[in-house]
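Chain and residue survey
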Amino acid sequence: MTSKKDTSSIQDNMTKENIADKGQANSLWGGRFGAGPAQIMEKINASIDFDKILYAQDIRGSKAHCHMLIAQGIISAADGDKILAGLDQVKDEIEAGNFTYDAKLEDIHMHVESRLTEIIGDAAGRLHTARSRNDQVATDFKLWTRDAMDQLDGALKGLQLALVAKAQQHADVILPGFTHLQSAQPVTFGHHLLAYFEMFTRDRDRLRDARERLNECPLGAAALAGTSFPIDRHQTSAALDFRAPTANSLDSVSDRDFALEFLSGAAISAIHISRLAEEIVIWSSAQFNFIDLSDKFTTGSSIMPQKRNPDAAELCRAKAGRIIGALNSLLIVMKGLPLAYSKDMQEDKEATFDAANAFALIIAAMTGMIDDMTVNENAMKSSTENGFITATDLADWLVRVLDMPFRNAHHVTGSLVALAEKKGCDLDGLTLAEMQEVDAKITEDVFSVLDVESSVASRTSFGGTAPDQVRRQVKAAKARIK
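Computed from a predicted structure; not experimentally measured.

1. Comments concerning the overall build of the protein
Counting its secondary structure elements, the protein contains 19 helices and 6 strands. Its C-alpha atoms give the protein a radius of gyration of 31 Å, clearly above 23 Å, the size a compact globule of 482 residues would have. Each principal axis of the C-alpha distribution contributes one length, and for the protein these read about 100 × 60 × 40 Å. Split into buried and exposed, the 482 residues of the protein put 47% on the buried side. For the protein, the share of sequence-separated contacts (at least 6 apart) that also reach a separation of at least 24 residues comes to 72%.

Put into C-alpha cells, the structure is as follows:
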C-alpha cells in the first residue's frame, strides 16, 4: 500500500521534474508557442512509441501527396523530386534500423518530416502544403487498417482450409452433439468442424464488407475544412488504391468508424475462436479424451508430472477478451467527441494495433491446433452410449411409422427413456415387450433407428450431419474458399 508520505513524494517529484517547462519551443508547432511543453505534457502527448508502426503508410501517403502537388503546379518539380528521394531515404533508414526516435517530435509524421528536413533542407517544408496532420493520420490509419484486414483475411482462410481438411478426414466419425452441454443427438465430427467453417466465413465477409466501406481517402481534407489550394484529391485517392476520396472534409478527419468496424469484426471472430478453443480444452481433458494435442501446443506442470495442459487453446480463449476490450475502449473514446478532430482520437491506435496482433496470433495458434490434433474416434463413439442420444430418432420413428402426432410421440419416448433409466440401460437395451408395455403398436423395426450409425446416416437434409452430406459440404466449402 502507498503511504501518505509516499504519495506526497510522488506528487513532489511530478511537480519538480515532470512539470518543469523546457523553455524551448517546438519548431514544428510554429511561432504561436514561445516555450516548450512541460515534461509530463511531452509524455502524455507523444505517440511515437506505438505509431511508428505507421511509417510505411505515412511515407506512401506523403509520396502520393507530393506527386499530386507537382502535377497541380503547387510545388516545383525540382523540390518535389528532392522530397520524393528524401522520403525514400527515410524509409530505408527506418527499415535498416538506423533511425533515431525522439519523444519531443511526438509522432511518426513529425519524425518523418524532421528527418526529411535534415536530409534535403527547406524544400521539405513544402510537403505539408494543402494537408494537415488530421487528414494525414486518418489516411495513414486507414491504409494500415486496410492492410491488416487483408492479412487477417488470408489468415482466416488458412484456418478454414485446416478445418475443411480435418472435416473431410473425419466425415464418418461419430460423437455426441450437445445442447446445454448435455448429450442431445449424435453428429459427425466433420459436421461439427464445418460449423466453425461457417462462422469464419461470416467473419471474413464482415471484414471484407468493412474494408469496402473503409476504402475512401481522407487525404486533402486538411485540418477540417478542405484547402484553398487547387489540389486533385482523386489523384491521391487513386494513387493510394482507394475507391474514391471522402465526400466531406469534417467527416474525413472525424471518422474512426473503420477502426470500430475492424475491431467489431475482429472481436466477433475472436469469440468464435474462443468457443472452438473452449471445445478443444474440453475435448482434450481426460474425462472426454476426444482429441490429443502434441507437445507443440501443450505445456506441462511444475509439480504434476502427468499433466499435459492445453495452454494454447486457453490463451486463445483469454485473448478474445483483450480484443473485445479494444473495441470497447475505442467506442468509449469516440462516444462524446464533437466534430472535428480531438486529441482523444490518438487513443484509437494503440488498442487497435494490439488487438490486430492478438487476433493474428490466435488465428495462427488455432490453425496450428486444428492441424496438430489427433482424433480419438473410439472415445467419441463410446461417449454416444450415454444420455439416450437416439431418443429423438425414436420419437421420429413413432411419427413416421405409427402416424403418431409428434407431441404424443414425445410423451411416449419420454416414458421409454424413464424406463431405460430405471433399468440402467440405453434405449436399445430395452426389450420389445418392455417397449410395448408403453405403447402396444411398437414393432421390432424400432431397433433400426436406435443405433447411432443409423441416426447420423438418416440426417440427410441440406446442412445435416449425415456423412454423405458432410462430404458434399466439404466439396462446397472448398469451392467457396476459392
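2. With respect to the packing of aromatic side chains
One pair of aromatic rings is described through two measures. These are the centre distance and the angle between the planes. Under the criterion given, the structure shown has 7 aromatic pairs. On the basis of an interplanar angle of 70° and a centroid distance of 5.4 Å, the ring pair of F141 and F258 is categorised as edge-to-face. Highlighted residues: F141 in helix α7 (residues 133-169) and F258 in helix α11 (residues 257-283), separated in sequence by 117 residues. When sorted by exposure, F141 lands in the same class as F258, which is buried. Measuring from centroid to centroid gives 5.2 Å for F288 and F290, while their planes differ by 80°, and the two rings are edge-to-face. The partly exposed category is assigned to F288, whose relative accessible area is 25%. Judged by relative accessible area, F290 falls into the buried class, the value being 1%.

3. Quick look at the state of the cysteines
Linking two cysteines covalently through their sulfur atoms gives a disulfide. According to the stated counting rule, one finds 0 disulfides in the structure shown. Sulfur of C66: no disulfide; nearest cysteine sulfur belongs to C217 and is 15 Å away. You can call C66 buried: its relative accessible area is 0%.

4. Re helix α19 (residues 467-481)
Note that an α-helix has 3.6 residues per turn; residues three or four places apart therefore point the same way. A rise of 1.5 Å per residue sets the reference length of α19, with its 15 residues, at 21 Å; its end C-alpha atoms lie 21 Å apart and thus fit the reference within 8%. Contacts made by the buried residues of α19 are with α7, β2 (182-188), α8 (189-214) and α18 (452-458).

5. Side note on the pairing of β2
In terms of strand pairing, strand β1 (residues 174-179) meets β2 through 6 bridges, oriented antiparallel. Bridging across to β2, I174 finds its partner in T188. Once β1 ends, the chain turns through 2 residues before running back antiparallel as β2, passing H180 with a positive phi of about 60°.

6. So, the side chain of Q160
With respect to the secondary-structure elements, Q160 resides in helix α7. Here the side chain of Q160 touches T201 through a polar contact of 2.7 Å, side chain to side chain. Beyond its immediate sequence surroundings of up to four residues, Q160 is in contact with F197, F200, T201, R204 and I481.

7. Topic: a negative patch on the surface
A surface patch of negative charge is lined by D49, D344, E347 and E350. Its relative accessible area of 41% is what places D344 among the partly exposed residues.

8. A few points about helix α5 (residues 77-96)
Compared with an ideal rise of 1.5 Å per residue, which puts 20 residues at 28 Å, α5 spans 28 Å between its outermost C-alpha atoms and is within 8% of the ideal. Here α5 has its buried residues at D79, G80, I83, L84, G86, L87, V90, E93 and I94. Buried-residue contacts for α5 involve α4 (55-71) and α6 (108-120). Looking one or two residues past α5, G97 carries a phi angle of roughly 80°, positive in sign.

9. Some remarks on a nonpolar patch on the surface
Together, L224, L250 and L339 make up a nonpolar patch on the protein surface, roughly 260 Å² of accessible area in all. Inspection of the secondary structure puts L224 in the loop between β3 (216-217) and α9 (233-239). Given a relative accessible area of 39%, L224 falls into the partly exposed group.

10. Here we look at the pattern of salt bridges
Overall, the coordinates contain 30 salt bridges when judged by the stated rule. Residue R115 pairs with E93 through a salt bridge whose shortest N-O separation is 2.8 Å. Of this pair, R115 sits in helix α6 while E93 is found in helix α5, placing the two residues 22 residues apart along the sequence. The buried category is assigned to E93, whose relative accessible area is 14%. Put simply, D153, R204, D205 and R208 are held in one network by salt bridges that share partners.

11. Some remarks on the packing of α7 against α11
One can describe the packing of α7 onto α11 by two numbers: an axis separation of 11 Å at closest approach and a directional angle of 20°. By the criterion of interaxial angle, the relationship of α7 to α11 is roughly parallel. When you trace α7 past α11, the crossing you get is left-handed. Facing α7, whose interface residues are A138, F141, K142, T145, A148, M149, L152, L156 and L163, α11 presents F258, A259, F262, S269 and L276. Class assignment of the residues belonging to the contact of α7 with α11 gives a composition of 11 nonpolar, 2 polar and 1 charged.

12. Examining the confidence of the model for the protein
Per-residue pLDDT for the protein averages 91, and the proportion of residues at 70 or more is 92%. Every residue in residues 1-25 is under pLDDT 50, and counting partners more than four places away or in other chains gives 28 contacts.

13. Re the nonpolar core
Core analysis: the largest hydrophobic core is formed by 97 residues, its most contacted members being F189, I280, I323, F359, M366, M369 and I370. Ignoring any residue separated from it by four or fewer positions in sequence, one finds M369 in contact with I280, L293, F297, A312, A313 and C316. Counting 20 residues, the second-largest nonpolar core is a separate cluster that includes A395, L430, M435 and V449.

14. Here we look at unusual backbone geometry
Negative phi is the rule for most residues except glycine; trans is the rule for most peptide bonds. Looking along the chain, the bond that leaves L339 and enters A340 is cis, with omega of 10°. If you trace the backbone, A340 turns up in the loop between α12 (311-334) and α13 (347-372). The phi torsion at E106 lies on the positive side, around 65°, for a residue other than glycine. Take E106: it is sitting in the loop between α5 and α6. For A130, which is not glycine, the phi torsion reads 70° and is therefore positive. Of note, A130 is situated in the loop between α6 and α7. On the basis of relative accessibility, which here comes to 7%, the residue A130 falls in the buried class.

Each value, and the rule that gives it
Residues numbered from 1 in each chain as written. Predicted model: local features only at pLDDT ≥ 70, side-chain atom pairs only at ≥ 80, totals over all residues. Heavy atoms only, no water. Helix = DSSP H or I, 4+ residues; strand = E, 2+ residues; numbered from the N terminus. Rg over C-alpha atoms; globule rule 2.2 N^0.38 Å. Buried < 20%, exposed > 50% of the residue type's maximum accessible area, 1.4 Å probe, protein only. Contact = heavy atoms within 4.5 Å. Phe/Tyr/Trp six-rings, centres within 6.5 Å; stacked < 30°, edge-to-face > 60°. Disulfide = S-S within 2.5 Å. Expected span 1.5 Å × (residues − 1). Pairing = 2+ DSSP bridges. Polar contact = N/O pair within 3.5 Å; in protein donor to acceptor, adjacent residues only side chain to side chain. Patch = residues over 30% accessible without salt bridge, like charges linked within 9 Å, V, L, I, M, F, W, Y side chains within 5 Å. Areas by Shrake-Rupley, 256 points an atom, 1.4 Å probe, with all protein chains shown as cover. Salt bridge = Lys/Arg side-chain N within 4 Å of Asp/Glu carboxyl O. Lys, Arg positive; Asp, Glu negative; His and termini not counted. Charge placed at Lys NZ, Arg CZ, Asp CG, Glu CD. Axes fitted to C-alpha atoms, helices over the stretch in contact; angles between N-to-C directions. Parallel < 35°, antiparallel > 145°, perpendicular 65-115°, else oblique. Left-handed = near helix turned anticlockwise from the far one by under 90°. Nonpolar A, V, L, I, M, F, W, Y, C, P; charged D, E, K, R; others polar. pLDDT = per-residue confidence, 0-100. Core = buried A, V, L, I, M, F, W, Y, C linked by side-chain atoms within 4.5 Å.

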